[in-house]
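# Notes for the structure review
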Amino acid sequence: MAVRVLEIIFFFYFASHIPITLFIDLQALLPGHVYPQPLKDLLRWYAEEFKDPMVLDPPEWFKSFIFCEALLQMPFFPIAAYAFLKGGCKWIRTPAIVYSTHVATTLIPILAHILLHQFPVKPHPGPQTNRERWLLVSIYAPYLLIPVLLLLTMLLSSKYNSTAKPGSTSGKAKKKN
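Keep in mind it's a predicted model, so treat the numbers as computed, not measured.

Basis of the calculations
Residues numbered from 1 in each chain as written. Predicted model: local features only at pLDDT ≥ 70, side-chain atom pairs only at ≥ 80, totals over all residues. Heavy atoms only, no water. Helix = DSSP H or I, 4+ residues; strand = E, 2+ residues; numbered from the N terminus. Rg over C-alpha atoms; globule rule 2.2 N^0.38 Å. Buried < 20%, exposed > 50% of the residue type's maximum accessible area, 1.4 Å probe, protein only. Expected span 1.5 Å × (residues − 1). Contact = heavy atoms within 4.5 Å. Salt bridge = Lys/Arg side-chain N within 4 Å of Asp/Glu carboxyl O. Core = buried A, V, L, I, M, F, W, Y, C linked by side-chain atoms within 4.5 Å. Phe/Tyr/Trp six-rings, centres within 6.5 Å; stacked < 30°, edge-to-face > 60°. Polar contact = N/O pair within 3.5 Å; in protein donor to acceptor, adjacent residues only side chain to side chain.

Our focus in this paragraph is the overall build of the chain. Helix and strand content of the chain: 8 helices and 0 strands. Reading the helices (α) and strands (β) of the chain from amino to carboxyl end gives α-α-α-α-α-α-α-α. Here the C-alpha radius of gyration of the chain, 20 Å, is well above what a compact globule of 177 residues would show, namely 16 Å. Taking the principal axes of its C-alpha atoms as reference, the chain extends roughly 70 × 35 × 30 Å. Looking at the chain as a whole, 36% of its 177 residues qualify as buried.

Okay, structure coming up:
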């Protein structure tokens, strides 16, 4: 039952990531004319409201993470959403481990940047106070916490990490006999 709840959480995480990536995150890489004004306005509102200048004027290292999101992660989102909605798809284990490790690794420098960087006030104000920094961290944190939870589920859950029972032999060993 607990694993099924996690699978539903993972489904919503991956399903929600598709429109976020396509309509918000990729604005940092694609030409402005690709997006309608309401989506540009939404991004600007978010950046101003939560003091996240990285989405409006991303540093090159941040663009590289978005590029990886577009090229490597985006094709995985619908596959993972399907697997976790269906539940018990053991074939998702290895790709989920690769995904979760990759994403958790990219979030560490992002969170460190938010907490430690001295952001300018202009042209796009970044967080200046501890409260503003922690608010922005709280927006990014689920993109670290859920992948770590996914990684732990794939590594520790018997539903996804099945091991051979004592006394049993593998398929290769049986063929040799």
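With that settled, the discussion passes to helix α1 (residues 2–23). For α1, built from 22 residues, the straight-helix expectation of 32 Å at 1.5 Å per residue is met to within 8% by its first-to-last C-alpha distance of 32 Å. When α1 is considered as a whole, its buried residues turn out to be E7, F10, F11, Y13, F14, H17 and T21. As for α1, its buried residues are in contact with α3 (60–73), α4 (76–86), α5 (93–116) and α7 (142–156).

For the rest of this paragraph, the subject is the environment of R4. Within the secondary structure, R4 is located in helix α1. Each C-alpha atom, one on R4 and one on Y46, is 33 Å from the other, the two residues being 42 residues apart in sequence. For R4, the contacting residues outside a window of four places in its chain are F84, L85, K86 and G87.

Here we take up the pattern of salt bridges. All told, the structure shown has 3 salt bridges when counted by the stated rule. Between K159 and E7 there is a salt bridge; the shortest N-O distance is 3.2 Å. Remark: E7 occurs in helix α1 and K159 occurs in the loop between α7 and α8 (171–176); sequence separation between them is 152 residues. According to the relative accessible area criterion, E7 is buried, its value standing at 1%.

Moving on, we come to the nonpolar core. Ranked by internal contacts, the top residues of the largest apolar core, which has 43 residues, are F14, F84, I92, Y99, I114, Y140 and L150. For this core, the elements supplying multiple residues, two or more each, are α1, α2 (37–49), α3, α4, α5, α6 (130–140) and α7. In terms of residues, this core owes the most to one element, α5, which gives 9 residues. Setting aside its immediate chain neighbours within four residues, L150 contacts F10, F14, F84, A96, Y99 and S100.

Another aspect to go through is unusual backbone geometry. In this structure, the amide linkage connecting K122 to the following residue, P123, adopts the cis form with an omega of 0°. Positive phi outside glycine occurs at K51, with the angle close to 50°. Here K51 is to be found in the loop between α2 and α3.

To describe a pair of aromatic rings, you give the distance between the ring centres and the angle between the ring planes. Enumeration over the complete set of coordinates arrives at 16 aromatic pairs. A centroid spacing of 5.5 Å and a plane angle of 35° characterise the contact between Y46 and F50, whose relative ring orientation is tilted. Y46 sits in the buried class, given a relative accessible area of 16%. On the basis of relative accessibility, which here comes to 22%, the residue F50 falls in the partly exposed class. Within the aromatic cluster, the residues linked to one another by ring pairs are F10, Y13, F14, F76, F77, F84, Y99, Y143 and Y160.

Note on placement: T21 falls in helix α1. Judged by relative accessible area, T21 falls into the buried class, the value being 0%. Polar contacts involving the side chain of T21 include one to the main-chain carbonyl oxygen of H17, which spans 2.9 Å. In contact with T21, other than residues within four places in its own chain, are L26, E69, M74 and F77.

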